[in-house]
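# A look at the structure
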Amino acid sequence: MNKSNLQTPTDLDEFTFSHIPVLSQEVITGLNIQPGGNYLDLTVGGGGHSRLILTSSENTKVTAVDQDLDALNAAKDNLAEFGERVNFVHSNFANYQFPENIYDGILADLGVSSYHLDNPERGFSFRNTADLDMRMNQQQSLTAADIINEWDEQELANIFFKYGEERLSRKIARRIVEKRPFQTTTELAEAIFYSVPPKYRYGRIHPATRVFQGLRIAVNDELQVLENLIEKAPRSLVEGGKIAIISFHSLEDRIVKHGLRGSDFLKVLTKKPIIATEEEIKENPRSRSAKLRIAERK
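Read on for a plain summary of the structure. Here the structure is a predicted model, which means the values were calculated and not measured. (Residues numbered from 1 in each chain as written. Predicted model: local features only at pLDDT ≥ 70, side-chain atom pairs only at ≥ 80, totals over all residues. Heavy atoms only, no water.)

### A look at the nonpolar core
In this structure, Leu 42, Phe 160, Ile 176, Leu 188, Leu 229, Ile 243 and Ile 245 are the most contacted members of the largest nonpolar core, which totals 59 residues. Counting residues per element, this core draws most heavily on helix α10 (residues 209-220), at six residues. Once residues within four sequence positions are removed from consideration, Leu 229 is found in contact with Leu 42, Phe 93, Phe 98, Ala 108, Pro 234 and Ile 245. Judged by nonpolar contacts, the second largest core, of 26 residues, contains Val 44, Ala 244, Ala 276 and Leu 292. (Core = buried A, V, L, I, M, F, W, Y, C linked by side-chain atoms within 4.5 Å. Buried < 20%, exposed > 50% of the residue type's maximum accessible area, 1.4 Å probe, protein only. Helix = DSSP H or I, 4+ residues; strand = E, 2+ residues; numbered from the N terminus. Contact = heavy atoms within 4.5 Å.)

Written as structure tokens, this is what we have:
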């Protein structure tokens, strides 16, 4: 294993939330932004989608929510020019207190930002050596290190298989338990690398990729949070209001698909998910796996 590929010196000042919003035109069209409309961005990030909502029609208002204070502060800087048209809320969207019948549109972009993946301090990636953290909300106590070093072998295997869709989950979990404790992302990635058969070590993706996805989902309880969102959010829409959700992997998309279909409050507008054009994928490779589904309040 070439450790130099995992440990690249970085300047933390480089990391910002200036990401390009994915499927931007499709989101604006799907939400049918109206003058004076009231919109809820549940994952504001750096504010890319919110800026589009605020500039695409006159006097629109946005409630901008994010559980990550770094993201919220970046959005405040990005959207400062809009003044009182933006209300910022620090919250996980599952804990957000959804008011009844108030929003003309709701957006949730479930993707992990490049800021989180590229910033070694946050511990989401094994490209750089960092503490095993992975918390979106840094005020919560549970970290990736807690799970890796304290949960039993069967629990770890279940996380890797269910959330990471990793076929070698049991073999990897066994190796981790034998070699722990782990403090850093690269220590864990190296153990995973050597826990799989040689033919799996040099495939299209690094052997640790799915494990890290599973860990991140477990740390942040992402799938349960998403189910709660789809249950609660539709009540906040006015009649005819739209909800748009962008997912980035099959586990999320399955929940969104069935959740929107199963809601008593919604009519699904997208029989199939909207995906990025080849042109957008060239400009923003992150959009390759994005899937947008839209529904309307009955």
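### Overview of a positive patch on the surface
On the surface, Arg 167, Lys 199, Arg 204 and Arg 210 cluster together into a patch of positive charge. Looking at the element boundaries, Arg 204 is found in the loop between α9 (198-201) and α10. (Patch = residues over 30% accessible without salt bridge, like charges linked within 9 Å, V, L, I, M, F, W, Y side chains within 5 Å. Areas by Shrake-Rupley, 256 points an atom, 1.4 Å probe, with all protein chains shown as cover. Salt bridge = Lys/Arg side-chain N within 4 Å of Asp/Glu carboxyl O. Lys, Arg positive; Asp, Glu negative; His and termini not counted. Charge placed at Lys NZ, Arg CZ, Asp CG, Glu CD.)

### Considering the sheet that holds strand β3 (residues 86-90)
Remark on secondary structure: sheet strands pair via backbone hydrogen bonds, oriented parallel or antiparallel. Spatially, seven strands are ordered β3-β2-β1-β4-β5-β7-β6 in an open sheet, and the strand pairing comes out mixed. The open sheet is flanked by β3 and β6 (266-268), the only strands paired with a single partner. Between one strand axis and the next, the sheet turns through 20° on average, direction left out of account. By the bridge criterion, three bridges tie strand β1 (residues 38-41) to strand β4 (residues 103-109) in an arrangement that is parallel. When the sheet's bridge partners are listed, Asp 41 is paired in β4 with Leu 107. Relative to strand β2 (residues 61-66), helix α2 (residues 48-56) is tilted by about 175°, and along the sheet it contacts β1, β2, β3, β4 and β5 (237-247). (Pairing = 2+ DSSP bridges. Axes fitted to C-alpha atoms, helices over the stretch in contact; angles between N-to-C directions.)

### Details of unusual backbone geometry
A cis amide bond links Arg 180 with the next residue in sequence, Pro 181, at an omega value of 15°. In the Ramachandran plot, Leu 23 falls in the positive-phi region, its phi being about 50° despite a non-glycine side chain. For Leu 23, the location among the structural elements is in the segment before α1 (24-31). The class for Leu 23 is buried, based on a relative accessible area of 0%. With phi around 60°, Asn 59 is a residue other than glycine that occupies positive phi space. When you line up the elements, Asn 59 lands in the loop between α2 and β2.

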